[in-house]
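Each chain, written out:
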Amino acid sequence: MTTRRFSDLPEYAFPRLRALLDRHQPGGAEIAMSIGEPQHALPPILAETLAKHAHLYNKYPPIDGTPGWREAVAGWLTRRYDLDGSLDPDAQVLPLNGSREGLFGAALALAPGEKNGKQAAFLMPNPFYQVYAAAALAIGAEPICVPATRETGWLPDFSALPEDILERTTFAYYCSPTNPQGAVADAATLARMVALAETYGFVIAFDEPYSEVYRDTPPPGALSAVAAEGADPERVLVFNTLSKRSNAAGLRSAFVAGGEKSISAIKRLRAYSGAPNPLPAIHAAEALWRDEAHVIENRRLYQEKYALADEILGGLPGYLPPDAGFFLWLDVGDGEAGVVELWKEAGVKCLPGAYLGRGDPRFNGGENPGARYMRAALVESSEAIRPGLEAIARLLRKNAGVET
Ligand SMILES: Cc1ncc(COP(=O)(O)O)c(C=O)c1O
């Protein structure tokens, strides 16, 4: 038996990819570009700090981390977003077991399933990180998948939605820098989204895991928008993670920051149902949030890979140079067909864009905005991805009818 509520959820993207490719032989040793799992070296302070605190594995960890962790995260946010020091570490930040479960749980804690006597609406970009839709279904809300396409500047414009949707919205997800397109929302756009949440009385969860991976200018964050606009902090949640910033996807260490009341409600629910981070992991995370040197080095490696992608793919139809993040969002006409062809031709594993998007009957005739695209992750070393990029270049040239 399965729960009817979740019966519409498609198979998760990676098992779908396996099923798609298992029928074909790879055309060479696998080049992994499908999953957003950073493969740069782990910062040595991670293992050192874990080892130093390993004796704490015999303790049930507190749900809200330690004072040191809370100060490290609040301090990082204050420096990174030039806040005025008003963020209260004890009341406004909370550890998460990776941001995915936090993005899900925060909606359960804060979002009603009904508003004004109607089914609640949950806003999200399309394509999107798939947990957003699962959270909507969990509370019985209707997912509204708002196009984030070339026509919309790769960002969803929630303010253009019809009044009858905004009036029943209880929760929204907004991701910048975006996965998969690598676009960055400017400060004015973030402020506009926060103002919309205030006007219609919903909570907006800003998902910012790629905030530290960018070409040259640090992307603005939602907390700066709240500070600059004097907005109600209870309208905004911000999520960030060590999975991308510190290459530590397996540590499962992230945080949510927001208004005191929202954080307290999330904390209360997590005390019953959450999975707290083990204390050695909390200490390691504290050390990582306090250290910027490894993040700068990490970014340098990504910048090298943006340059490599520009060199190999620059000017080809279908290539969109990303401003941030570590994905390429490539228009290949038919994403599934492109992924299969690359796999068979060169052993390159990418992800069909359709698996990250959905057809929503309200927009563009219900067309899945990811269907034409495939996503390539620049997470392995430059040497490892070079042949992958060269194979992608051959595919784009062939699609465009350009001689190789
Ligand atoms: C947009 C987005 N949000 C959240 C996450 C979750 O990160 P984690 O659960 O590792 O903190 C990811 C991971 O790929 C992501 O791409």
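Residues numbered from 1 in each chain as written. Predicted model: local features only at pLDDT ≥ 70, side-chain atom pairs only at ≥ 80, totals over all residues. Heavy atoms only, no water.

1. Remarks on the pattern of salt bridges
Per the stated rule, a full pass over the model turns up 20 salt bridges. Ionic pairing is found between Arg192 and Asp157, a salt bridge with its closest N-O pair at 3.3 Å. Taken as a pair, Arg192 in helix α8 (residues 187–200) and Asp157 in the loop between β6 (142–147) and α7 (163–166) lie far apart in primary sequence, 35 residues in all. Residue Arg192 is classed as partly exposed on the basis of its relative accessible area, which comes to 39%. We note a salt bridge from Asp310 to Arg215, for which the minimum N-O separation is 2.7 Å. In this pair, Asp310 is assigned in helix α13 (residues 293–313) and Arg215 in the loop between β8 (203–207) and α9 (222–229), connecting sequence segments 95 residues apart. Asp310 sits in the partly exposed class, given a relative accessible area of 26%. (Salt bridge = Lys/Arg side-chain N within 4 Å of Asp/Glu carboxyl O. Helix = DSSP H or I, 4+ residues; strand = E, 2+ residues; numbered from the N terminus. Buried < 20%, exposed > 50% of the residue type's maximum accessible area, 1.4 Å probe, protein only.)

2. Points about the nonpolar core
Of all hydrophobic cores here, the largest spans 52 residues; its most connected members are Leu77, Phe158, Ile204 and Phe206. Element by element, the count of residues in this core is highest for α8, at 7 residues. Excluding its chain neighbours within four sequence positions, the residues that come into contact with Ile204 are Phe158, Ala172, Tyr174, Met193, Ala197, Arg235, Val236 and Leu237. (Core = buried A, V, L, I, M, F, W, Y, C linked by side-chain atoms within 4.5 Å. Contact = heavy atoms within 4.5 Å.)

3. Some details on helix α3 (residues 67–80)
In a regular helix each residue adds 1.5 Å, so 14 residues correspond to 20 Å; α3 covers 20 Å between its end C-alpha atoms and thus fits that length. Within α3, 10 of the 14 residues are buried, leaving the element largely enclosed by the surrounding structure. Within the sequence span of α3, burial applies to Gly68, Trp69, Arg70, Ala72, Val73, Ala74, Gly75, Trp76, Leu77 and Arg80. Trailing α3 by a residue or two, Asp82 shows a phi angle of about 55 degrees, which is positive. (Expected span 1.5 Å × (residues − 1).)

4. Considerations on the domain arrangement of the protein chain
Per the domain assignment, the segments of the protein chain are domain 1 (4–41 + 294–400) and domain 2 (59–291). Placing a centre on the C-alpha atoms of domain 1 and another on those of domain 2 gives a separation of 25 Å. Taken together, the contact between domain 1 and domain 2 spans 38 residues of the former and 43 residues of the latter. A combined buried area of about 3700 Å² lies between domain 1 and domain 2, and 56% of that area is made up of carbon and sulfur atoms. (Domains from an automatic or database assignment. Buried area = accessible area lost by both parts, 1.4 Å probe.)

5. As for the side chain of Ser253
Residue placement: Ser253 occurs in the loop between α10 (242–245) and β10 (254–258). For Ser253, a relative accessible area of 1% gives the class buried. When near neighbours in sequence (up to four residues on either side) are disregarded, Ser253 contacts Leu96, Gly98, Thr241, Leu242, Ser243, Asn277 and Ala285.

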